[in-house]
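# A structural walkthrough
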Amino acid sequence: RDMLARVALLVFAWAGGRSPHVPSRTLRAAPRAAVVRDVDVLVVGGGHAGCEAAAAAARSGARTVLVTQRIDTIGEMSCNPSIGGIGKGHLVREVDALDGLMGRVIDEAGIHFRMLNRRKGPAVQGPRAQADRELYRDAMLRELQAYPGLELYEASVEDLVVDEPAEGSAAAAAAAEAGRPVGRACGVITADGSELRARAVVLTTGTFLRGVVHVGRESRPAGRFVSTSEAVEPPSTGLAATLGRLALPLDRLKTGTPPRLSAQSIDFSRLEPQPSEEPPLPFSFLNEGESVAQAANLITCHKTYTNAETHRIVVDSKHTLPAYESGDGKGAGPRYCPSLFSKVERFPEREAHIVWLEPEGLDSDWVYPNGISSAFPPDVQLRLVRSMVGLEGATILKPAYDVEYDYVDPTCLRRTLEVSTVEGLFLAGQIIGTTGYEEAAALGLVAGANAALSCSRGPPLTVGRHQGYIGVLVDDLVTRGTTEPYRMFTSRAEWRLMLRADNADARLTPLGAACGLVGERRLERLREKQAAMQRGLRALRGFALPNAEWAAAGFGVKPNGELRTAEQMLHVPRAELCDVEAAMAAAAAAAGQNPAAAAACLAASGHAMAAASAPSMTAQPPPPPPPAAPPLPSPPVETSGGRNFVKVEVAAASAPVIAAVIARSDAN
C-alpha cells in the first residue's frame, strides 16, 4: 500500500498535478532527491505539539518548515475531541497568553463549553470545551497556512542528520568529558531520500516512534488509525533507531482510545443530559468579552454508567487483552486517564463508573464514549457497550484500540527542551512522556520558540514554576522524568493560588513579548486590560462607608462607625465584588445621585466591575487619570520569613474589558 502511494505521488508530480488537500504554499517531496536549504527550524510532526512549535518558531522570526506525513491530518484530534479541563485549561490559557494557536482554534471549533470545578475557588477552576473534530482540524490548518515564514512539507521523516565527531575520536572524547554536546542536529532525511537542512530540529512524533497498535490479541506496526477508517498511519522506525544510536534513554509507554458509537443507535431519552453553559466562555484572551464562533450551535452531551454486568465482562475477558511490551505486560498507560480494565481492577469496590457520551461534531453521527477505553477484541467491546443503560442497541462504528510507542526520558533535556548531548535538537509532546493535547501544545510552544531563539542567539524562553503551569510541566519532566504518561493537575503547582486561568495573560504575555513571541495586538489588549484594572482599583480605594452601612447591606462586619473602603470590604469572608458594587450603587442612590447614572458608572469598565467614575461617599479627592501603560504585577518571591500572596478578584469574563482588584498581604 505504501509503495503504491509513493508511485502515485511520483506520477502525479511528474504530470504537474497537485493533491487537492495540499495548500498552494506547501512544499512537496519531489520525485528526485531535493534539499531544502537556508531554513532555520524544521518541525517534525503535525500534531498539537508540532503545530504550536512551528507557529512559535515562525512567530519568533525563524524561517520554519513543518514536515508531516499527511497535510490533511494536521491538528487531528486522535482521541477525545475536547480541549481543556482541570489543570489542562490553565495550560491552554497560558499557551494563548504567549500568542499560541490552541485557544483561538478551540474558540472557532468549540460546540460545548463548561467551567469545571465551579464549586471550588477560582484558582482551580478549569475551562473545558468539546470540539467539532473537523472544524478544529480545518481551523488549525488555516492558521498555519496563513503564518508568514512557515511552510508545510508533506513527507515521512525516516532519519535525523547529525554532525558529530567520529566515534572514539579525540574530539568526541573531549566533548563528552567536558559535558558539551557531542553532535549537532542539522536536518532530516525523508522516505524518498530528500534531505531537509536546518539549524535546529524539533521532533514532535507523538505515538509514531516505533508505534504498535493493539486490538485484542491482534497487533500491527502503526502510529494510529486514520480517524474515520480502519486504515493506519505507518510508524517512524528509522528515527527511533537513530535516537537509540545517539544514546538517548528510550522506553515504552501506552495510551488508548475508546470505541466510537453511532448516535442514531443510542437511546438518549434514558440518559442524563449535560447542556453547554451559556453564554460560552472563550479560551482566548483576544476573544475576552465576546462569544465563540459556534455560539448558536451549542450541543448537549449525555452520561450513562457502567454496572455490575459491565464489570463482570471486563474481568471475564482479561485474557483477551493485548500482550503489551511495557508495564510488565500490562501496558504503561496513563494513571489519571485509565482504561476501563484498569478502573475495574484498581477499584473493585466501585459499583459504577461515569461514561460521558460526547458528539464528535455538529453534523457527525459519531459519539465518543469518554471513560471506557480498553483494547478488548471487537466482540467483547460490543458486549461491554450494550451492557450499559441507553446503549443496549448501540452500534460501534470504530473499535477501541491501544498504541504502544517509544519515548525519550525527559531528564536528558535542558529546560529549553533541547537535548543536552545533541545541540540544536529539541523534543516536545508525547515523545518526552506526556499525555494530552494541552501538555503537547505547551511543550511544543516552548521547544519551537527556543529552537528559533537558538538560531538568533537570543535569550531562551523559560517559565518558572512560580510563573505558570508551563513552568511546572517543564520542570517536572526535566528534573524528575516520568515512567507513565504525564498529565497536568492543579495539585502539581505549589503556586496554584497565584496561577489562575484568568490571569495567564498578566503573568506570561510580558515574558513572551520580551522574547519576541507576542504580537502588538495582544500586547495592546493587555495594556487596555491593565489600565481598566488600575481604574477599578482607584475607584474601590476611593469609596468608603461606615461599617454600619456595610452591615446593613448584608456584609459580615460589626455595625459601628469605622470607615471601610470598598477594597477593604473584599477582605471580608464571602464578600463578592458584585455585592460590593451593588452596595456602592445603593449608597450613590441614597445620597441623591441618579441611580441609573451610578449603575452606569459602576459598569463602565465591564460587567460586574468597578469603574474609575464610581461615586465617592466621602470627601476623598478624585483619582488621577490612569497611566498610558500601567506596570504589570510581578510574581511574588518566597523569602525566609514567609511568602507574599496576591489576591486577584476577576469578574465574569463576558466583560469587554476585565478589571481586577489586587490586595497584597503577608502570611507566614
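Everything here concerns the structure above.
Structural notes, computed from the coordinates. (Residues numbered from 1 in each chain as written. Predicted model: local features only at pLDDT ≥ 70, side-chain atom pairs only at ≥ 80, totals over all residues. Heavy atoms only, no water.)

### Side note on the overall build of the protein
Put simply, the rule reads: By the criteria applied, helices consist of DSSP H or I runs no shorter than four residues and strands consist of E runs no shorter than two, each listed in order from the N terminus. Three labels apply to residues, based on accessible area from a 1.4 Å probe with only protein chains included: buried if under 20% of the type maximum, exposed if over 50%, partly exposed otherwise in between. For this analysis, residues touch if any pair of their heavy atoms sits within 4.5 Å. Residue burial considers only the protein chains on display, and all accessible areas are found by Shrake-Rupley using a 1.4 Å probe.
What the protein contains, in helices and strands, is 18 helices and 30 strands. Out of the 668 residues belonging to the protein, those deemed buried represent 55%. Partitioning the intrachain contacts of the protein with sequence separation of at least 6 by distance along the chain shows that 74% fall at a separation of at least 24. Carbon and sulfur atoms make up 53% of the accessible area of the protein, which totals about 27800 Å².

### Here we look at the pattern of salt bridges
What counts is decided by this rule: Between Lys or Arg on one side and Asp or Glu on the other, a salt bridge is scored when a side-chain nitrogen of the former is within 4 Å of a carboxyl oxygen of the latter.
Tallying each qualifying case throughout the model produces 40 salt bridges. With a closest N to O distance of 3.1 Å, Arg252 and Glu325 form a salt bridge. Of this pair, Arg252 sits in strand 17 (residues 250-257) while Glu325 sits in the loop between helix 8 (308-316) and helix 9 (340-346), and the two are 73 residues apart along the sequence. Residue Arg252 is classed as buried on the basis of its relative accessible area, which comes to 7%. Given a relative accessible area of 48%, Glu325 falls into the partly exposed group.

### Here's the deal with empty space enclosed by the protein
Here is the rule: In this analysis a 1.4 Å probe is tested at points of a 1 Å grid over the protein atoms alone, and where it fits but cannot get out there is a cavity; an open set with protein on both sides within 12 Å along at least five of seven lines is a pocket; lining residues have an atom within 4 Å of a point. Grid points are joined across faces, edges and corners, and a volume is the space filled by probe spheres set on the points. Side-chain classes follow a simple rule in which Ala, Val, Leu, Ile, Met, Phe, Trp, Tyr, Cys and Pro form the nonpolar group, Asp, Glu, Lys and Arg form the charged group, and the remainder, Gly included, forms the polar group.
For the coordinates displayed, the defined rule picks out 2 cavities of 30 Å³ or more. Put simply, the largest cavity is a space of about 50 Å³. Taken together, Pro259, Leu340, Ile372, Ser374, Gln381, Leu384 and Val385 make up the full set of residues lining the largest cavity. Considering each element in turn, the lining of the largest cavity owes the most residues, 3 residues, to helix 10 (residues 378-386). A per-class count over the lining of the largest cavity returns 5 nonpolar, 2 polar and no charged. In this structure, the second largest cavity occupies an estimated 40 Å³ of space.

### Remarks on helix 2 (residues 48-59)
Residue pairs spaced three or four apart in an α-helix point in one direction, given the helix's 3.6 residues per turn. Here is the rule we go by: Expected helix span is computed as 1.5 Å times (number of residues minus one).
Over its 12 residues, helix 2 runs 16 Å from end to end, which matches the ideal 16 Å to within 8%, given 1.5 Å per residue. Within helix 2, 12 of the 12 residues are buried, leaving the element largely enclosed by the surrounding structure. Where helix 2 is concerned, the buried positions are His48, Ala49, Gly50, Cys51, Glu52, Ala53, Ala54, Ala55, Ala56, Ala57, Ala58 and Arg59. Gly61 lies just past helix 2 and shows a positive phi near 100°.

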